[in-house]
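What follows is each chain in one-letter form.
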Amino acid sequence: MQPTYVSRRASNLSRRDPTAPLKHIDPVLLVCTLALAFVGIIAVWSATRGPGPDFDDSFLVRQGVFVVGGTVALAVFSLVDYRKLHDWAWVFYGLTTVLLIGVLSPFGTRVNGAQAWFSLGPFQLQPAEFAKLSLIGVLAFMLSEFRGDIDLRRLAALLVVPLVPMGLIMLQPDLGQVLTLVAITLAMLLVGGLPGRFIAVLTVIGVVGVVGILNSPVLAEYQQDRLTAFAFPGDPDNSATYNIQQSQQAIASGEVTGHGLFEGPQTRLGYVPEQQTDFIFTTVAEQFGFVGGATVLVLYGVLCYRIWRTAQIARDLFGTLVCIGVLAMFAFSIFQNVGMAMGIMPVTGIPLLLLSSGGSSTMVAFAGLGLVLNVHMRRFR
C-alpha cells in the first residue's frame, strides 16, 4: 500500500503546484493560432475548389492534414522543456543544412524556377522553411551564452551561422526565404545585445546585398520582374504586373463586407495566380471584404503581441530570444505577404503563415508557436 499512497500524494501535490507548466498555457495565443489555421483551411478551399459543380477538394484535405500535423508539432514543441531543446540546437541546424545541400542535388525538385523541394509522394518538403527554426535555435543559444558581450570575433561567428543557410537558399534561388532569415537575424542580434553601430552597418550591407542580387545573374529574368513589378505597376513589358493587378482587383471588389463565401468572382474563376499560397489574403478580402481582412489582421496583431509579451516575461534570455526569433518570422511574413497582395511590396513568394497552403510552412509556424507556449508555460520554473 505504501507505493500507491506515495504516488497518490505526489499526484495531489502536482495538482496543487501553482508553477506547473500546464497551469500557465496562454489561451489567447492558442485560440488565435487555431482561429487563423481554420480561416486558412477555408481560404485554401475557396481558392482551389473551382467554379464548376464538381468541386476539387484535394487541397482542402491536404491543408486539413497539414493543420492536424501542425497541431501535433505544437503539442510536442510546447510539452518538451525548451531548455532541453537548447542542447539540441546545433543538431537541428546541422540536419537542416544537410537538407539544404541535398535539395540542390538530383534528389531535389524544381518548381516555378526554384529547386527548393523534396517530393514525397503527394507532399513536398521545403528545407528552407525548417532553416528558420534551426537558425532561431542556434542564434538564441549563442547570444544567451555571450550575454551581450559581443566583440568582432563573436560577431563574425554570429554572422557565419545565418550566412550558411542563406547562401545555400540563394543557390535554389529563393530570395524571399533569404529575406526572412535576414529579418530573424537582425531582430535577434538587436535584442541579444549587439551594439547599435553594428546593427546599422549590417543593415546597410544587407540593403546593398539585396540590390546587388537583383542586378546579378543569380536570379532569372522572370524572378527579377516579380520582385520589381510593385515599383512599376503600369509597365507593359513586365508580365508580373498581371499578378498584382488581379490581386488588387480581388481585394477592391470585396468592399466592406465581401461577396460571401465561395462567391468572389476573381477567386471563383481563378483569375489570381498562386492564390492558395502567395495571394491567399485576397481570398479573405474578396469574400469577406474589409471586415474579414481586418479581422484576420487583428488576429495576427494579437498573436504577435502575445509572442512579444512572452518574450518579456520569459524566465531566461534563451527563452526571450527564441520568442523574438518567432516574432520576427511571423511579423515579416505578415507584412511582406499582405503588402505583396496590396501591391506595395515585392512579389517574393513568402507564405502568409497559418493561412497559405503548404505543409512545411504550416508545420514550422505551429512548431514556432509551440516554442512560445513552452516559454510561457515554464516562466515560473
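Residues numbered from 1 in each chain as written. Predicted model: local features only at pLDDT ≥ 70, side-chain atom pairs only at ≥ 80, totals over all residues. Heavy atoms only, no water.

Grouped together as the largest cluster of nonpolar side chains are 88 residues, with contacts concentrated most on M188, Y300, L303, I307, F330 and L354. Looking at this core element by element, the count peaks at 14 residues for helix α14 (residues 317–342). When neighbours within four sequence positions are excluded, Y300 is seen to be in contact with L36, I334, L352, L353, L354 and L355. (Core = buried A, V, L, I, M, F, W, Y, C linked by side-chain atoms within 4.5 Å. Buried < 20%, exposed > 50% of the residue type's maximum accessible area, 1.4 Å probe, protein only. Helix = DSSP H or I, 4+ residues; strand = E, 2+ residues; numbered from the N terminus. Contact = heavy atoms within 4.5 Å.)

This model, assessed by the stated rule, comprises 5 salt bridges. Taken together, the shared-partner salt bridges connect D81, R83 and R378 into one network. (Salt bridge = Lys/Arg side-chain N within 4 Å of Asp/Glu carboxyl O.)

A few words now on the sheet that holds strand β1 (residues 109–111). With antiparallel pairing, the 3 strands of this open sheet are ordered in space as β1-β2-β3. Across the chains shown, the open sheet's two edge strands, defined by having one partner strand only, are β1 and β3 (123–125). Direction aside, the axes of adjacent strands within the sheet are offset by 55 degrees on average. (Pairing = 2+ DSSP bridges. Axes fitted to C-alpha atoms, helices over the stretch in contact; angles between N-to-C directions.)

As a further point, take helix α7 (residues 152–170). Its 19 residues give α7 an end-to-end C-alpha distance of 26 Å, which sits within 8% of 27 Å, the value for a rise of 1.5 Å per residue. Helix geometry: α7 is bent most strongly at L163, by close to 30 degrees, with proline P165 lying one to four residues after it. Turning to α7, its buried residues are L155, L158, V161, P162, P165, M166, L168, I169 and M170. (Expected span 1.5 Å × (residues − 1). Bend = angle between axes of the 7 residues up to and from the residue.)

Below, the discussion takes up the environment of P21. Within the secondary structure layout, P21 lies in the loop between α1 (2–16) and α2 (27–48). Residues within four places of P21 in sequence aside, it is in contact with M377, R378 and R381.

Before going further, it helps to examine the packing of aromatic side chains. Centre distance and the angle of the planes are the two values used to describe a pair of aromatic rings. Evaluation of the coordinates by the stated rule reveals 3 aromatic pairs. Measuring from ring centre to ring centre gives 6.1 Å for Y82 and F318, while their planes differ by 10 degrees; the resulting arrangement is stacked. Placement of Y82 in helix α4 (residues 82–85) and of F318 in helix α14 is noted, with a sequence separation of 236 residues between them. By relative accessible area, which is 2% here, Y82 ends up buried. A ring pair is formed by W90 and Y93, whose centres lie 5.7 Å apart and whose planes are at 80 degrees; its orientation type is edge-to-face. (Phe/Tyr/Trp six-rings, centres within 6.5 Å; stacked < 30°, edge-to-face > 60°.)

This brings us to helix α11 (residues 241–253). Taking 1.5 Å as the rise per residue, α11 with 13 residues should run 18 Å; its terminal C-alpha atoms sit 18 Å apart, in good agreement. On its buried side, α11 packs onto α12 (265–268), α13 (280–313) and α14. With its phi angle positive at about 50 degrees, E255 sits one or two positions after the end of α11.

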